[in-house]
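Here are the chains, one letter per residue:
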Amino acid sequence: MRTARLMTAAASAAVLTLGLAACGDGGDGDGGTTGDDMAGGEQVEVFTWWAAGSEKAGLDALVGVFEEQHPDIQFINGAVAGGAGSAAKDLLQSRLQANDPPDTFQAHAGAELQDYIDAAQIEDVSGLYDEFGLTEAFPPDLIDLLTSDGAIYSVPSNIHRANVVWASPSVLEEAGLDPAAEYADLDAWFEALDAVEETGKTPLSIAAPWTQVHMLETVLLAGLGAEGYNGLWDGSTDWEGAEVTAALEDFEKLMGYTNTDRDGLDWPDAIQQVIDGEAGFNVMGDWAEAAFQEAGATSPDDYVYFPVPGTDGTFDFLADSFTLPVGAPDPAGARAWLETVGSADGQVAFNMAKGAIPARTDADTSDFSEYQQTAVESFASDTIVPSLAHGAATPVAMLNTITDATSKFTAGATDLATFQSELAAATM
Ligand code: GAL
């Protein structure tokens, strides 16, 4: 059985509350929301940002299982385009504030979920965990991240890894590099990036600011190590310190290898440059695996992958999960969706198509791709840390401030010292 060892301060606090989860009742005295409480059952509006390409293919696979399991309930696709929820999260916030919630929405396990819990926008679904037998199905530390004050607020659909480099073998060969090479640290990788630069190809493709924050988190992880990186989120690592300065210098250097049209692109465009042999490398979460698969690319001929140099042995983690919003128009429809999301069949179908691995520890992954097998293995043995860009490490408001500071820096509007102090201020 796979066990996750999440190194977060929240995790140890949550462990203390986990024992209470079994008797937590979300305040209504009946063990949280259960199927008996729920009206409706005609339809379910599912709000995600899986609107196109390989992400939509993942959602479609999940919907296929939903339609088999719940043929009488109509699925309504409420997806809003924009990688990492860059447009969806704002729209969701306005809908929640206007008391116009969808029946269920996608949210990341960890600090992002806590935002919705604190604002009393989502229901305790621990009753459904009992009903569907989910408590044993997920790694205990993942349940900790979904738990608050003894209640559980969502059902996870997957585990994604953020600290992965994807590369084009043809571009690397053209630069005289061995596509099978891995790089011990960022300095070794800089040499390879220099070699690609000489060919006239883009060494490192990247897209809009959220993808830059995504790369930034992996560079902080490379520079500070798992413990130092975790300390950024619990206050034990000094944002103003010399180690962070050095990591930001590395980030600045990496950005110097990227395409200048980046701000107008989203992640699939940047991955496409690797698929098309226009760019050498790209740092992206393993939803990129699904994009390579969708393009008919096979590894190692058409693409290769490795942990971001300096982060080997660490699994930079995030999990999408689905909620039951307070005031959902069709809670029984949402309950049915959550049942499919948590089911072994739903998790296998969805994750095969999404590039992720199931959150359930008992799902059969034998048909998963070679990359996904490496993720299963790493998740079981690596040190696990929470993703910044994908809601595991910080609340949405803090991430937005970090993204603004990053975008100013990469656009040349601030210098490194200002960037560092803006990051420090954002995380106070
Ligand atoms: C993440 C999400 C992933 C993937 C990615 C790119 O935030 O957790 O499932 O969709 O964004 O859009």
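All values reported here derive from a predicted model rather than from experimental measurement. (Residues numbered from 1 in each chain as written. Predicted model: local features only at pLDDT ≥ 70, side-chain atom pairs only at ≥ 80, totals over all residues. Heavy atoms only, no water.)

**Side note on the overall build of the protein**
1) Next: Across its full length, the protein holds 17 helices and 14 strands.
2) Next: Compactness check: the protein gives a C-alpha radius of gyration of 21 Å against a globular reference of 22 Å for 428 residues, within 12% of the reference.
3) Next: Principal-axis analysis of the C-alpha atoms gives the protein an extent of 65 × 45 × 40 Å.
4) Next: By the burial criterion, 61% of the 428 residues in the protein qualify as buried. (Helix = DSSP H or I, 4+ residues; strand = E, 2+ residues; numbered from the N terminus. Rg over C-alpha atoms; globule rule 2.2 N^0.38 Å. Buried < 20%, exposed > 50% of the residue type's maximum accessible area, 1.4 Å probe, protein only.)

**Notes on the site of the ligand**
1) Next: In the vicinity of the ligand there are 13 residues, among which Glu-55, His-108, Asp-320, Lys-354 and His-390 approach most closely.
2) Next: Contact distances for the ligand include 2.4 Å between an oxygen atom and a side-chain N or O atom of Glu-55.
3) Next: Contacts to the ligand include Asp-320, whose side-chain N or O atom sits 2.6 Å from an oxygen atom.
4) Next: Contact with the protein chains covers 100% of the free accessible surface of the ligand, which is 300 Å².
5) Next: If you map the ligand onto the pockets, it falls in the largest cavity. (Near = heavy atom within 4 Å. Polar contact = N/O pair within 3.5 Å; in protein donor to acceptor, adjacent residues only side chain to side chain. Areas by Shrake-Rupley, 256 points an atom, 1.4 Å probe, with all protein chains shown as cover. 1 Å grid on protein atoms, 1.4 Å probe; cavity = no way out; pocket = protein on both sides within 12 Å on 5 of 7 lines; lining within 4 Å. Sits in = over half its atoms within 2 Å of the grid points.)

**Side note on the nonpolar core**
1) Next: Core analysis: the largest hydrophobic core is formed by 77 residues, its most contacted members being Tyr-129, Ile-159, Trp-166, Phe-317 and Trp-337.
2) Next: Looking at this core element by element, the count peaks at six residues for helix H13 (residues 331–342).
3) Next: Leave out the neighbours within four places in its chain, and Ile-159 touches Leu-142, Phe-315, Phe-317, Leu-318, Ala-319, Ala-356, Ile-357, Pro-358, Ala-359 and Phe-379.
4) Next: The next biggest cluster of nonpolar side chains, apart from the first, holds 54 residues, and it includes Phe-190, Leu-248, Tyr-257 and Phe-306. (Core = buried A, V, L, I, M, F, W, Y, C linked by side-chain atoms within 4.5 Å. Contact = heavy atoms within 4.5 Å.)

**Concerning the sheet that holds strand S7 (residues 160–161)**
1) Next: Strand order in the open sheet made by the three strands is S7-S12-S14, with mixed pairing throughout. Of all strands in the sheet, those bounded by a partner on one side alone are S7 and strand S14 (383–386).
2) Next: Pairing analysis gives four bridges linking strand S12 (residues 314–318) to S14, with the strands arranged parallel. When the sheet's bridge partners are listed, Phe-315 is paired in S14 with Ile-384.
3) Next: Together, S12 and S14 form the strand contacts of helix H9 (residues 209–234), whose direction differs from that of S14 by roughly 85°. (Pairing = 2+ DSSP bridges. Axes fitted to C-alpha atoms, helices over the stretch in contact; angles between N-to-C directions.)

**Some thoughts on a negative patch on the surface**
1) Next: On the surface, Asp-185, Asp-187, Glu-191, Asp-194, Glu-197 and Glu-198 cluster together into a negatively charged patch.
2) Next: The residue Asp-185 is located in the loop between helix H7 (169–174) and helix H8 (186–199) in this model.
3) Next: Residue classification places Asp-185 among the partly exposed positions, given a relative accessible area of 35%. (Patch = residues over 30% accessible without salt bridge, like charges linked within 9 Å, V, L, I, M, F, W, Y side chains within 5 Å. Salt bridge = Lys/Arg side-chain N within 4 Å of Asp/Glu carboxyl O. Lys, Arg positive; Asp, Glu negative; His and termini not counted. Charge placed at Lys NZ, Arg CZ, Asp CG, Glu CD.)

**Some thoughts on the packing of aromatic side chains**
1) Next: Within the structure shown, the criterion is met by 26 aromatic pairs.
2) Next: Relative to Tyr-116, the ring of Phe-105 lies with its centre 4.9 Å away and its plane at 65°, an arrangement referred to as edge-to-face. Here the residue Phe-105 occupies a position in strand S3 (residues 104–108), and Tyr-116 occupies one in helix H4 (residues 111–118), the gap between them amounting to 11 residues. A single burial state applies to Phe-105 and to Tyr-116, both of which are buried.
3) Next: Ring centres 6.3 Å apart and planes at 75° place the aromatic pair Phe-281 and Phe-306 in the edge-to-face group. Residue Phe-281 is located in strand S10 (residues 279–283), and its partner Phe-306 is located in strand S11 (residues 304–307); the two are separated by 25 residues in the primary sequence. Exposure class is identical for Phe-281 and Phe-306. Each is buried.
4) Next: By way of ring pairs, the aromatic residues Trp-50, Phe-66, Phe-75, Phe-322, Trp-337 and Phe-350 are connected into one cluster.
5) Next: Here the basic side chain of Lys-253 rests over the ring of Phe-190, its NZ or CZ set 4.5 Å away from the ring centre. (Phe/Tyr/Trp six-rings, centres within 6.5 Å; stacked < 30°, edge-to-face > 60°. Lys NZ or Arg CZ within 6 Å of the ring centre and 35° of its normal.)

**Notes on empty space enclosed by the protein**
1) Next: As enumerated under the stated definition, the model contains one cavity of 30 Å³ or more in all.
2) Next: Roughly 90 Å³ of volume is contained in the largest cavity.
3) Next: Around the largest cavity, the lining is made up of 14 residues, and of these Trp-49, Glu-55, Ala-84, Trp-287 and His-390 lie nearest the centre.
4) Next: Taken together, the residues of the lining of the largest cavity sort by class into seven nonpolar, four polar and three charged. (Points joined across faces, edges and corners; volume = space filled by probe spheres on them. Nonpolar A, V, L, I, M, F, W, Y, C, P; charged D, E, K, R; others polar.)

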